[in-house]
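Residue strings, one per chain:
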Amino acid sequence: MKIRYGYVSNSSSSSFIVGVKAGKLTVEHLMEAFQVPESSPMHRIARDFAETMYNLADEVTIERLRDNWGYEDSVSLEEMANRGSKEADLLLKGYKVYQGYASDEGTQGAENYLCRTAIDYEGETVYVCSEGGY
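Residues numbered from 1 in each chain as written. Predicted model: local features only at pLDDT ≥ 70, side-chain atom pairs only at ≥ 80, totals over all residues. Heavy atoms only, no water.

Student: Explain the pairing of strand β3 (residues 96-103) to me, using residue names and the numbers behind them.
Tutor: Bridge analysis of strand β1 (residues 13-20) against β3 gives 8 bridges, and the strand direction is antiparallel. Bridging from a neighbouring strand, Ser 14 pairs with Ala 102 of β3. The pairing of strand β2 (residues 57-59) with β3 spans 3 bridges and is antiparallel. Looking across to β3, one finds that Ala 57 is bridged to Gly 100. (Pairing = 2+ DSSP bridges. Helix = DSSP H or I, 4+ residues; strand = E, 2+ residues; numbered from the N terminus.)

Student: Help me get a handle on the side chain of His 43, residues and values and all.
Tutor: Mapping His 43 onto the fold places it in helix α2 (residues 43-56). Taking the relative accessible area as the measure of exposure, His 43 reaches 15% and is therefore buried. Filtering out sequence-adjacent residues up to four positions away, His 43 remains in contact with Met 31, Val 36, Pro 37 and Glu 38. (Buried < 20%, exposed > 50% of the residue type's maximum accessible area, 1.4 Å probe, protein only. Contact = heavy atoms within 4.5 Å.)

Student: Can you break down the packing of aromatic side chains residue by residue, with the values?
Tutor: Tallied over the full model, the rule gives 2 aromatic pairs. Seen from their ring centres, Phe 34 and Phe 49 are 5.2 Å apart, and the 40 degrees between their planes marks the pair as tilted. Here Phe 34, found in helix α1 (residues 27-34), pairs with Phe 49, found in helix α2; they are 15 residues apart in sequence, far enough to count as distant. You can call Phe 34 buried: its relative accessible area is 18%. With 6.1 Å between their ring centres and 15 degrees between their planes, Trp 69 and Tyr 71 make a pair best called stacked. Among the residues examined, Trp 69 registers a relative accessible area of 33% and is labelled partly exposed. Look at Tyr 71 and you get buried, because its relative accessible area is 15%. (Phe/Tyr/Trp six-rings, centres within 6.5 Å; stacked < 30°, edge-to-face > 60°.)

Student: Please provide a residue-by-residue account of α2, values included.
Tutor: Taking 1.5 Å of rise per residue, 14 residues should cover 20 Å, and α2 covers 20 Å from first to last C-alpha, within 8% of that figure. Those residues of α2 that sit buried are His 43, Ala 46, Arg 47, Phe 49, Ala 50, Thr 52 and Met 53. As for α2, its buried residues are in contact with β1, α1, β2, α6 (110-116), β4 (119-122) and β5 (126-130). (Expected span 1.5 Å × (residues − 1).)

And the structure:
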């Protein structure tokens, strides 16, 4: 039997996908998905959460999708979508797609919460999906 001495990490991480139809991703796109009115006492928390997601998100390209899924250059977006890539499916539907990763290791607040919370929203111009962790 092996015994490990010292620090053992039990961190969590989660990925998320954001699709926008109108221009580049903004914090306001994410606020639309959260549907928290400015008059709500939760508005500031929702904005912090949206800003965190915005800062963690990178635009998805076809090349990045191929790298992430391990596909050769000959694999089309249609094939990737048929094999389960939500990012490819959104690109085919005309969305500009962003993907991000959140980790609770050494972080607090909104990023930590993102690791544990599922988000599923599809509006007319914004799509947000995160399965959460744990």
